[in-house]
Amino acid sequence: MKTKTIPFAMASVIALVGTSGAVMAETGSATAEVTAMPPALSIQEIQPYQMQIERAPGATMPTGSINLKQWSSNGILKDPAESVIPGCLQVAGDVDKAVSITMTGFSVLTAPGGAEITFMGGASEPKFEVATSTVDCSDAVAGSFTPTTLAGTPIASSTSATGELYLAWRYQEPTNAAAGYMSMSAWEEGAFTGTVDITVDYQ
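Residues numbered from 1 in each chain as written. Predicted model: local features only at pLDDT ≥ 70, side-chain atom pairs only at ≥ 80, totals over all residues. Heavy atoms only, no water.

## Here we look at the sheet that holds strand E11 (residues 181-184)
No. 1: In spatial order, the strands read E2-E11-E6-E5; together these four strands make up an open sheet with antiparallel pairing. In this open sheet, the two strands that pair with only one neighbour each are strand E2 (66-67) and strand E5 (109-110).
No. 2: Inspection of the sheet shows E2 paired to E11 by two bridges, in the antiparallel sense. Bridge pairing in E11 places Asn-67 opposite Ser-183. (Pairing = 2+ DSSP bridges. Helix = DSSP H or I, 4+ residues; strand = E, 2+ residues; numbered from the N terminus.)

## Considering the side chain of Gln-90
No. 1: Tracing the sequence through the fold places Gln-90 in strand E3 (residues 87-92).
No. 2: Assessed through its relative accessible area of 16%, Gln-90 is described here as buried.
No. 3: Within polar-contact distance, the side chain of Gln-90 engages the side chain of Glu-164 at 3.3 Å.
No. 4: In terms of polar contacts, Gln-90 uses its side chain to reach the side chain of Tyr-166, at 3.0 Å. (Buried < 20%, exposed > 50% of the residue type's maximum accessible area, 1.4 Å probe, protein only. Polar contact = N/O pair within 3.5 Å; in protein donor to acceptor, adjacent residues only side chain to side chain.)

## Focus: the layout of surface pockets
No. 1: Computed from the structure, the largest pocket encloses a volume of approximately 630 Å³.
No. 2: Lining the largest pocket are 25 residues, and of these Tyr-49, Gln-50, Leu-109, Phe-192 and Thr-193 sit closest to its centre.
No. 3: Among the secondary structure elements, those contributing two or more residues to the lining of the largest pocket are strand E10 (164-171), E11 and strand E12 (196-202). (1 Å grid on protein atoms, 1.4 Å probe; cavity = no way out; pocket = protein on both sides within 12 Å on 5 of 7 lines; lining within 4 Å. Points joined across faces, edges and corners; volume = space filled by probe spheres on them.)

## A few points about the confidence of the model for the protein chain
No. 1: Here the protein chain averages 89 in pLDDT, while 89% of its residues score no lower than 70.
No. 2: Here residues 1-17 scores under 50 on pLDDT; set against residues more than four positions off or in separate chains, the count is four contacts. (pLDDT = per-residue confidence, 0-100. Contact = heavy atoms within 4.5 Å.)

## Some remarks on the state of the cysteines
No. 1: The tally for this structure, following the rule as stated, stands at one disulfide.
No. 2: One disulfide bridge connects Cys-88 with Cys-137, the sulfur atoms lying 2.1 Å from each other. The sign of the -90 degrees torsion about the S-S bond sets the Cys-88-Cys-137 disulfide as left-handed. Separated by 49 residues along the polypeptide, Cys-88 in strand E3 and Cys-137 in helix H2 (residues 137-141) bring together distant segments of the chain. Here Cys-88 matches Cys-137 in class, with each residue buried. (Disulfide = S-S within 2.5 Å.)

## Some points on unusual backbone geometry
No. 1: Although it is not a glycine, Ala-151 adopts a positive phi angle of roughly 55 degrees.
No. 2: Its place among the elements puts Ala-151 in the loop between strand E8 (146-148) and strand E9 (155-158).
No. 3: In this structure, Glu-173 takes a positive phi of about 45 degrees despite not being glycine.
No. 4: On the basis of relative accessible area, Glu-173 is assigned to the partly exposed category, the value being 41%.

## Section: the environment of Pro-48
No. 1: Secondary-structure assignment places Pro-48 in the loop between strand E1 (42-47) and E2.
No. 2: Residues Pro-48 and Pro-86, spaced 38 residues apart in sequence, show a C-alpha to C-alpha distance of 7.2 Å.
No. 3: In contact with Pro-48, not counting residues within four places along its chain, are Ile-85, Pro-86 and Gly-87.

## Points about the pattern of salt bridges
No. 1: The tally for this structure, following the rule as stated, stands at two salt bridges.
No. 2: For Glu-54, the salt bridge identified is with Lys-78, shortest N-O distance 3.7 Å. With Glu-54 in the loop between E1 and E2 and Lys-78 in the loop between E2 and E3, this pair connects stretches of sequence that are 24 residues apart.
No. 3: Its relative accessible area of 38% is what places Lys-78 among the partly exposed residues. (Salt bridge = Lys/Arg side-chain N within 4 Å of Asp/Glu carboxyl O.)

## Details of the packing of aromatic side chains
No. 1: Scanning the entire structure with this criterion turns up seven aromatic pairs.
No. 2: Relative to Tyr-171, the ring of Phe-119 lies with its centre 5.2 Å away and its plane at 35 degrees, an arrangement referred to as tilted. One end of the pair, Phe-119, is in strand E6 (residues 116-120); the other, Tyr-171, is in strand E10, with 52 residues separating them in the sequence.
No. 3: Judged by relative accessible area, which is 4%, Phe-119 ranks as buried.
No. 4: Each residue in the set Tyr-49, Phe-106, Phe-119, Phe-128, Trp-169 and Tyr-171 is aromatic and connected to the rest through ring pairs, giving one cluster.
No. 5: Taking the ring centre of Tyr-181 as reference, the NZ or CZ of Lys-69 above it sits at 4.8 Å.
No. 6: One cation-aromatic arrangement involves Arg-170 over Phe-145; the distance from NZ or CZ to the ring centre is 3.7 Å. (Phe/Tyr/Trp six-rings, centres within 6.5 Å; stacked < 30°, edge-to-face > 60°. Lys NZ or Arg CZ within 6 Å of the ring centre and 35° of its normal.)

Following this line, the structure appears as structure tokens:
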């Protein structure tokens, strides 16, 4: 590298020498940009959201759609909301760090045979509830849930001294909300599955 650099430097000096023998100089400026990034957050699903819809013994299920608000008159044994087990995520990142939680998307719940669960009323999208804990999923589920909507006001929380946070979530009032309650396109026995997008940001 040195044998290449020295001749280049000499050539530069020679080019800048004027007729008076003085060396001409120019002053320029440069831009420096330094960006500090927080540690990445990792999110792992511990348990999925679960809800049971049970047909009452001997009941004939409707051939069309079934609004779960009318579960008792549509052949369903009991209010499905009573069977809900919230989903739970484990968030890991920087220690004692403030975070904000936002629900950012969802997909329609679909059964193997093609029947779907959608959300009725209002904007035809679900409402959610979120609770957090730095202990574990059970502690989060036993805590106080905060209502939220898609792209709604972020829910504030923080990671623990070990950098962990447990986030429990569920659909809000899936069988009795004024808006955002569930409706089945048709009766189908089996698991309806879908996804929910949850964004966790450092503050």
